[in-house]
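So the chains spell out like this:
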Amino acid sequence: MPPFPLTSHDSVVTALRAAGCVFAEDEARLILATARTPDELSALVERRAAGLPLELVLGWAEFRGLRIAVEPGVFVPRRRTEFLVEHALAHAPEASVVVDLCCGSGAVGTALAAALGTVELHAADIDPAAVRCARRNIAGAGGRAHEGDLFDALPGDLRGRIDILAANVPYVPTGEVGLLPAEARDHEPLVALDGGFDGLDVLRRVAEQAPDWLAPGGCVLVETSERQAETAVDAFSGAGLRTTTALSEELYAHVVIGVRP
């Protein structure tokens, strides 16, 4: 705890800066808006100063203007993934069946449903904690959350009907997981980060099975790093998908898009 009472924006900023928070002023504003009592304010600042990710301190993350509930042990949605959502909407603006695979908190599916209106929305993850969290976030859109390994989790009647398949797969190579920032390495599930030897193990599995689940003209979208993009394109093309890539230098985001002909 700081050696002085937290009674103002400046005192919270000072405490966060002392803990090494780079964006202390922005974080202070959010924490002050969340805390309901002085004791709760002190507790939130203490948790953040101890290194807990801001989103877990607040209990939510902002994603495309939405407040997405997040819980300990669940992957926190990244702002760069908004780029994937934008391209999903551009490729399938009239989508009626949407699946958020490797859903984590369900942020992608929630954002797609908010933009598209009434859709049949499904989210799936192998991690039970992620499924519970996603179920909370997609409930307002009438979505259903499923637990299981990739497509094994999905209802069989989705096969051949999916217009947008957003698969935010893990893509960090196993040997580089230890190099991630502590907020990810220490507070997010390994299954949401580790993509195998070259980071693309799960992506290849998605590419192989996606054509059977997509509707004609339906699209599957994944994130990769810049150095992985070419290999990811080969995996999509090899599965018979018409494949393109998109890059946002501002968000440092690389998206591979495959369309079922």
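Residues numbered from 1 in each chain as written. Predicted model: local features only at pLDDT ≥ 70, side-chain atom pairs only at ≥ 80, totals over all residues. Heavy atoms only, no water.

Excluding glycine, most residues fall at negative phi; most peptide bonds, likewise, are trans. Its identity as a non-glycine residue notwithstanding, Cys102 has a phi of 55°, on the positive side. Relative to the assigned elements, Cys102 resides in the loop between strand S3 (97-101) and helix H6 (107-116). For Cys102, a relative accessible area of 19% puts it in the buried group. If you check the backbone angles, Leu150 has positive phi at about 50° while not being a glycine. The topology assignment puts Leu150 in the loop between strand S5 (144-147) and strand S6 (162-167). (Helix = DSSP H or I, 4+ residues; strand = E, 2+ residues; numbered from the N terminus. Buried < 20%, exposed > 50% of the residue type's maximum accessible area, 1.4 Å probe, protein only.)

The biggest cluster of nonpolar side chains holds 33 residues, and the ones touching the most others in it are Val98, Leu112, Leu116, Ile164 and Leu221. Those elements that place two or more of their residues in this core are helix H5 (82-91), H6, strand S4 (120-125), helix H7 (128-138), S6, strand S7 (214-224) and strand S9 (253-259). In terms of residue count, H6 provides more of this core than any other element does, six residues in total. Setting aside residues no more than four positions away along its own chain, Leu116 makes contact with Leu89, Ala92, Pro93, Ala95, Val98 and Ile164. Counting 28 residues, the second-largest nonpolar core is a separate cluster that includes Leu101, Leu165, Val169 and Ala207. (Core = buried A, V, L, I, M, F, W, Y, C linked by side-chain atoms within 4.5 Å. Contact = heavy atoms within 4.5 Å.)

This paragraph deals with the packing of H5 against H6. In the contact formed by H5 and H6, the axes pass within 10 Å of each other and the chain directions differ by 40°. Considering their axes alone, H5 and H6 lie oblique with respect to each other. In the crossing of H5 with H6, the sense of the turn from one axis to the other is right-handed. Taking contact as the criterion, the partners of Leu84, Val85, Ala88 and Leu89 in H5 are, on H6, Val108, Ala111, Leu112, Ala115 and Leu116. Considered class by class, the residues forming the contact of H5 with H6 number nine nonpolar, no polar and no charged. (Axes fitted to C-alpha atoms, helices over the stretch in contact; angles between N-to-C directions. Parallel < 35°, antiparallel > 145°, perpendicular 65-115°, else oblique. Left-handed = near helix turned anticlockwise from the far one by under 90°. Nonpolar A, V, L, I, M, F, W, Y, C, P; charged D, E, K, R; others polar.)

Its location among the elements puts Phe236 in helix H10 (residues 229-238). Placed 55 residues apart in sequence, Phe236 and Pro181 show a C-alpha to C-alpha distance of 30 Å. Excluding residues that lie within four positions of it along the chain, Phe236 makes contacts with Leu203, Ala207, Val220, Val222, Leu241, Thr243, Val256, Ile257 and Gly258.

Under the criterion given, the structure shown has 14 salt bridges. Of the charged contacts, one joins Arg17 and Glu25 as a salt bridge, the two residues approaching to 3.2 Å between their closest N and O atoms. In this structure, Glu120 and Arg161 form a salt bridge, with 3.1 Å as the shortest nitrogen-oxygen distance. In this pair, Glu120 is assigned in strand S4 and Arg161 in the loop between S5 and S6, connecting sequence segments 41 residues apart. Classification of Glu120 as partly exposed rests on a relative accessible area of 29%. Taking the relative accessible area as the measure of exposure, Arg161 reaches 31% and is therefore partly exposed. The structure contains a network of salt bridges with shared partners spanning Glu27, Arg48 and Glu183. (Salt bridge = Lys/Arg side-chain N within 4 Å of Asp/Glu carboxyl O.)

Within the secondary structure, Leu101 is located in strand S3. Taking C-alpha positions, Leu101 is 10.0 Å from Val220, a pair spaced 119 residues apart along the chain. Dropping the residues within four chain positions of it, Leu101 is found in contact with Ala124, Leu150, Phe151, Leu165, Ala166, Ala167, Asn168 and Val206.

Attention shifts here to H6. H6 sits mainly inside the fold: eight of its ten residues count as buried. Within H6 the residues assigned to the buried category are Ala107, Val108, Gly109, Thr110, Ala111, Leu112, Ala113 and Leu116. Trailing H6 by a residue or two, Gly117 shows a phi angle of about 95°, which is positive.

Taking strand neighbours across the sheet as the criterion, the seven strands line up as S5-S4-S3-S6-S7-S9-S8 in an open arrangement whose pairing is mixed. Edge positions in the open sheet fall to S5 and strand S8 (242-248), since each of these has one partner strand only. Ignoring strand direction, the axes of neighbouring strands in this sheet form an average angle of 20°. By the bridge criterion, four bridges tie S3 to S6 in an arrangement that is parallel. Bridge assignment links Leu101 to a residue of S6, and that residue is Ala167. Helix-sheet contacts for H7 involve S4 and S5, and the interaxial angle to S5 is about 175°. (Pairing = 2+ DSSP bridges.)

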